Structures are given as structure tokens and as C-alpha cells.
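A structural walkthrough
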Amino acid sequence: MDDRIRQAIDFHGHLCAGLTMGVRAARVALREVGPHAADEEVVAIVETDMCAVDAIQFLTGCTFGKGNLIHRDVGKNAYTFIRRSDGKAIRVVTRPDGWPPHDPERGALREKVRAGTATEAEERRYEKLRDERALAVLDVPEERLFDVQEVRVQAPRPARVHASIPCADCGEMTMETRIRRSDGRNLCIPCFEHAEAR
Ligand SMILES: [Zn+2]
Ligand SMILES: [Zn+2]
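The rules behind the values
Note that residues are indexed from 1 along each chain, following the sequence as it is written. Numbering of ligands from 1 and lettering of chains from A proceed in the order in which they are written. Only residues with pLDDT of at least 70 are given local features in this predicted model, and only at 80 or more are side-chain atom pairs given and counted; all residues enter the totals for whole chains, interfaces and linings. Where helices and strands are cited, they refer to DSSP runs of H or I of at least four residues and of E of at least two residues respectively, numbered from the N terminus. In this description the radius of gyration comes from C-alpha coordinates, and the expected globular size is given by 2.2 Å times residues to the power 0.38. What counts as a contact is two residues whose backbone-derived C-beta atoms lie within 7 Å of each other. As a rule, the C-alpha atoms of each element are fitted with a line to give its axis, helices using only the stretch in contact, and angles between N-to-C directions run from 0 to 180 degrees. Note on terminology: angles under 35 degrees are roughly parallel, angles over 145 are roughly antiparallel, angles of 65 to 115 are roughly perpendicular, and the others are oblique. Crossing handedness is defined as follows: a turn of the near helix away from the far one that is anticlockwise and smaller than a right angle gives a left-handed crossing, while the clockwise case is right-handed. Burial is judged by counting the other C-beta atoms within 10 Å of a residue's own C-beta: 20 or more makes it buried, 12 or fewer makes it exposed, and any count in between marks it as partly exposed, with every C-beta position built from the backbone. Domain delimitation in this document rests on an assignment produced automatically or drawn from a domain database. If DSSP finds at least two bridges between two strands, the strands pair. Definition of nonpolar core: a set of buried Ala, Val, Leu, Ile, Met, Phe, Trp, Tyr and Cys residues joined via C-beta atoms within 7 Å.

1. What about the overall build of the protein?
The helix and strand tally for the protein stands at seven helices and nine strands. Relative to the compact-globule value of 16 Å for 198 residues, the protein shows a C-alpha radius of gyration of 21 Å, a clear excess of over 25%. A principal-axis box enclosing the C-alpha atoms of the protein has dimensions of 60 × 50 × 30 Å. Nonlocal contacts in the protein, meaning residues at least 24 apart in sequence, comprise 62% of its contacts between residues at least 6 apart.

2. Section: the packing of helix H1 (residues 3-12) against helix H3 (residues 52-60)
H3 packs onto H1 with a crossing angle of 130° between their chain directions and a minimal axis gap of 9 Å. Of the possible angle classes, the one that applies to H1 and H3 is oblique. H1 and H3 meet at a crossing whose hand is right-handed. Mapping the contact onto sequence places Arg4, Gln7, Ala8, Phe11 and His12 in H1 and Asp54, Ala55, Phe58 and Leu59 in H3.

3. A short note on the environment of Gly184
Assignment of secondary structure puts Gly184 in the loop between strand E8 (180-182) and strand E9 (185-187). Here Gly184 falls in the exposed class, since 6 other C-beta atoms lie within 10 Å of it. As a C-alpha pair, Gly184 and Arg144 span 40 residues in sequence and 58 Å in three-dimensional space.

4. Some details on the domain arrangement of the protein
Each assigned domain of the protein is listed with its residue range as follows: domain 1 (3-100 + 140-150) and domain 2 (164-197). Relative to domain 2, the C-alpha centre of domain 1 lies at a distance of 36 Å.

5. Comments concerning the pairing of strand E1 (residues 42-46)
Burial analysis of E1 places five of its five residues in the buried class, the great majority of the element. Residues Val42, Ala44 and Val46 line one face of E1 and the alternating positions Val43 and Ile45 line the opposite face, and both faces are buried. In this structure, E1 lies alongside strand E2 (residues 69-71), joined through three bridges in parallel fashion. When the sheet's bridge partners are listed, Ala44 is paired in E2 with Leu69.

6. Some words on the sheet that holds strand E3 (residues 78-83)
Read across the sheet, five strands follow the order E2-E1-E3-E4-E5 without closing on themselves; strand pairing throughout is mixed. Edge positions in the sheet fall to E2 and strand E5 (146-150), since each of these pairs with one other strand and no more. On average, each strand axis in the sheet is tilted by 15° relative to the strand beside it, whichever way the strands run. Packing of helix H2 (residues 17-32) onto the sheet brings it into contact with E3, strand E4 (89-94) and E5, and relative to E4 it is tilted by some 160°. Taken strand by strand, H3 contacts E1, E2 and E3, and its axis lies near 180° from that of E1.

7. Overview of the nonpolar core
Counting residues in each nonpolar core, the largest one holds 34 residues, and the members touching the most others are Leu19, Ala25, Ala44, Ala55, Ile56 and Phe81. Breaking this core down by element, the ones donating at least two residues are H1, H2, E1, H3, E3, E4 and helix H5 (120-137). With sequence-adjacent residues up to four places away left out, Ala55 is seen in contact with Ala8, His12, Leu19, Gly22, Val23 and Ala26. Cys167, Ile179, Leu187 and Cys191 belong to the second largest nonpolar core, which has five residues in total.

So this is what it looks like as C-alpha cells:
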């Protein structure tokens, strides 16, 4: 296993098939769209917020804080990568049979581990099966994992820095684009919602 994958596991907290699926998707992105994004040159739009996204953030450099990782919450294991310079974009969609096959033993053990009723031996057995399943993903031919298509999408505008002003109720500094007006006062969203509920 190469160092970058090891670091991605550390970043995510555990090894799982979701993470390694993300590693594979990130490899497609790095190859087809561009190298690790130190700036905002590459934008990722992810359609899930599950494990895979941590590998995508870590390996592609598209991150929430830079504004070039966008969660479009539609619950699909699909990822779009856009290169700003020339607009090249691909959508990587996990195939229905892309996930490793279901293993009843692993499933039953997982239930026990989650319920807190697994013995120590069962827990170790579960972790072994989970790790094997995750690592197997690294060797599956790419065309079995994903459908990859070039798409035409507009990259969102680069993140802009906005001024902050204090909320008239709580006094906390709030980005001006998030300020709501209520009875002529500038309120942050939580204070606005509170005021409206009264
Ligand atoms: Zn995970
Ligand atoms: Zn407030």
C-alpha cells in the first residue's frame, strides 16, 4: 500500500471500502482532470457525504475550507471534477455492481459490533474482513468500478471574501451575505429564526 493511501486512512480514521472507493475515484480525477489542487483550479462536486469523500478531499486537494469541494446532497456515489482553466469536467459514477459483493458473515458481525455484543475474537474477525474488503477495491479494474463521462458543467465562482458585520442580537460577527433583516435590524440566521418564531 502506498504512503498516500496510508495517510488517507489516517485522515479518515479507519480503513473501509468507502474510503478505498474514494481513493479510486480520486485517481481518475488526478489523471483526467489535473494534479492535486493547491489552489482552486480543480473543483469537486460530490453527491454524497459518506466515507469516499474523505479520500477525495485528501488526495485531490479539493476541500470544504477552500470552497472547491461542494456537497450536492442527492445521495449518490457520484463525483464531478471540473478544471477551471479549460472547463474540462468528468463525472465519475459508481456502478451498481462496483461495490465488492455482500458477505453475509461480515454483515452479521457488523451488526454485533454495532450492537456492542461482539466478543473480542468476533471484533477482530470483523475488522479483518472489513480491511480485506476495502483493500480488494484497490485492485478491481477501473471500468468495473465506475462509469466515467465527460460532462459540461459550469464551475462555481471562486470563493470571495465578504465583510462581516455584528448581529444586532447576539453581537457575533456574521458574513454580510448571511445577514437577515428583521424589523429594520441586522440579524444572523439563528437570531433571525428565533425572532421570527416569536
Ligand atoms: Zn469509512
Ligand atoms: Zn445573532
